[in-house]
Amino acid sequence: MEKLKWGIVSSGKICHDFVNALNDPSGPAAAGNTVVAVAARQLDRAKTFAENHKIPKFYGSYEELAKDGNVEVVYIGNTTGQHYDVCKMMLEAGKHILCEKSLTTSISLTKELFELAASKKLFLMEAVWSNFFPTYKELKKLISAGHVGEVTRLEASFGIRISGVLRLTSKELGGGASFDLGIYVINIARLVFGGEQPEEVIARGGLYPSGADSDWDVILVFSGGRRAVLKCSSKFELDNTARVSGTEGCIEIPDPFHCPTSFKSSLGHEFTIQLPNQAEHKYNFVNSEGLAYECAAVSEAIKAGKLQCEEYTTEDCLYNTRLVEEINKQIGV
């Protein structure tokens, strides 16, 4: 099998986890993918990253990576505020892209990138990895089959005390709880309610001194009075769980709901997975082993000539981005 050749943009913690998962021989990505280059803003950091992960080439600028003709697809894991510029540069260089969320800081910039990718027949996806977990696929299947009847309510929260991390609190860097954490509770609402647009969005929240959002509570009201009650915070610890309630029963997704290895329903259905477990290095974030599911799906799509994955489509990204923008507008970002 010919391997898809990846370049990595940035040498931070999430990039480490992504490459670690990609290379895990027990995971679904290793057989069809290889990392051939990494770029960071500081050459020594790129060199260290390359040595740790046995990557043959390293660069001290993203521009150099863009010019590397051996790189077919890039994984972009730098700060949100840099995503638009780097994505545009990589698309213009003919690279397929998997970019960490949020793809950009606005719906207009996100649309622009998708239009550019489509015009060049290149793959572009926001890296919302949740949807690629077998647990999320099983959850979607159960809900679609009416396992809990008609879904009437979703409760989901994601809160971690990380207010000391500059990239999350600085508006200039594209920070904010919405972009890093809120996207996950919004994403599961889209999945649970089948992509239906809410009739009303009610948001209340707080801001950091920079103007970036720190935390919020949101109610999405759907047709027939069905509701999603969503909470997000980078200042406070929350339950980080989700509960789907329907007319016939409920489904409980434990912490961490955005990358779960199990869930159960009140009707006796239980689902559990084992994550890949032969990575060379330790991970920085919980259940990052599951990044391999996303990587493998992206690789398969690109090799098949597709411009998106069915698990997380362009419209999924635009839906989530519109809601983030509306929430931020209401709370004064």
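Residues numbered from 1 in each chain as written. Predicted model: local features only at pLDDT ≥ 70, side-chain atom pairs only at ≥ 80, totals over all residues. Heavy atoms only, no water.

Enquirer: Now, about unusual backbone geometry: what can you tell me, with residues and values included?
Expert: Of note, the bond from K101 into S102 is cis; its omega dihedral lies within 30 degrees of zero at -5°. Within the secondary structure layout, S102 lies in the loop between β5 (96-100) and α5 (107-119). Cis geometry is adopted by the peptide bond preceding P256, which originates at D255 and carries an omega value of 0°. When you line up the elements, P256 lands in the loop between β12 (250-253) and β13 (262-265). (Helix = DSSP H or I, 4+ residues; strand = E, 2+ residues; numbered from the N terminus.)

Enquirer: Tell me about the packing of aromatic side chains, and please be specific about residues and values.
Expert: For the coordinates displayed, the defined rule picks out 8 aromatic pairs. Taking the centre distance of 5.5 Å and the plane angle of 70° together, the rings of F133 and Y293 count as edge-to-face. One end of the pair, F133, is in the loop between β6 (124-127) and α6 (134-144); the other, Y293, is in helix α9 (residues 291-303), with 160 residues separating them in the sequence. Y293 shares its class with F133; the two are buried. These aromatic residues form a ring-pair network of at least three members: W6, F18 and Y75. Across the ring face of Y319, the terminal group of R190 is positioned such that the distance to the ring centre comes to 4.5 Å. (Phe/Tyr/Trp six-rings, centres within 6.5 Å; stacked < 30°, edge-to-face > 60°. Buried < 20%, exposed > 50% of the residue type's maximum accessible area, 1.4 Å probe, protein only. Lys NZ or Arg CZ within 6 Å of the ring centre and 35° of its normal.)

Enquirer: Lay out the sheet that holds β6 with the relevant residues and their values.
Expert: Spatially, 6 strands are ordered β3-β2-β1-β4-β5-β6 in an open sheet, and the strand pairing comes out parallel. The open sheet has two edge strands, β3 (57-59) and β6, and neither has a second partner. For this sheet the average axis-to-axis angle between neighbouring strands, irrespective of direction, equals 25°. Bridge analysis of strand β4 (residues 73-76) against β5 gives 4 bridges, and the strand direction is parallel. Bridging across to β5, Y75 finds its partner in L98. Seen against the sheet, helix α1 (residues 13-23) touches β1 (4-9), β2 (33-39), β4 and β5 and runs at an angle of roughly 165° to β1. On the sheet, α9 packs against β1, β2, β4, β5 and β6 and is oriented at approximately 125° with respect to β1. (Pairing = 2+ DSSP bridges. Axes fitted to C-alpha atoms, helices over the stretch in contact; angles between N-to-C directions. Contact = heavy atoms within 4.5 Å.)

Enquirer: Could you give me a rundown of the packing of helix α4 (residues 80-92) against α5, with the residues and numbers involved?
Expert: Where α4 meets α5, the closest approach of the two axes is 10 Å, and the angle between their N-to-C directions is 10°. Comparing their axes, α5 and α4 come out roughly parallel. On α5, the residues touching Y84, C87, K88, L91 and E92 of α4 are L109, E112, L113, L116 and A117. Tallied by class, residues from the contact of α4 with α5 come to 7 nonpolar, no polar and 3 charged. (Parallel < 35°, antiparallel > 145°, perpendicular 65-115°, else oblique. Nonpolar A, V, L, I, M, F, W, Y, C, P; charged D, E, K, R; others polar.)

Enquirer: For the pattern of salt bridges, give the residues involved together with the corresponding values.
Expert: This structure, assessed with the given rule, holds 12 salt bridges. With a shortest N-O distance of 3.2 Å, K137 and E311 are connected by a salt bridge. Placement of K137 in helix α6 and of E311 in the loop between α9 and α10 (314-331) is noted, with a sequence separation of 174 residues between them. Judged by relative accessible area, which is 43%, K137 ranks as partly exposed. Taken together, the shared-partner salt bridges connect K101, R167 and D180 into one network. (Salt bridge = Lys/Arg side-chain N within 4 Å of Asp/Glu carboxyl O.)

In short, geometric facts, not functional conclusions.
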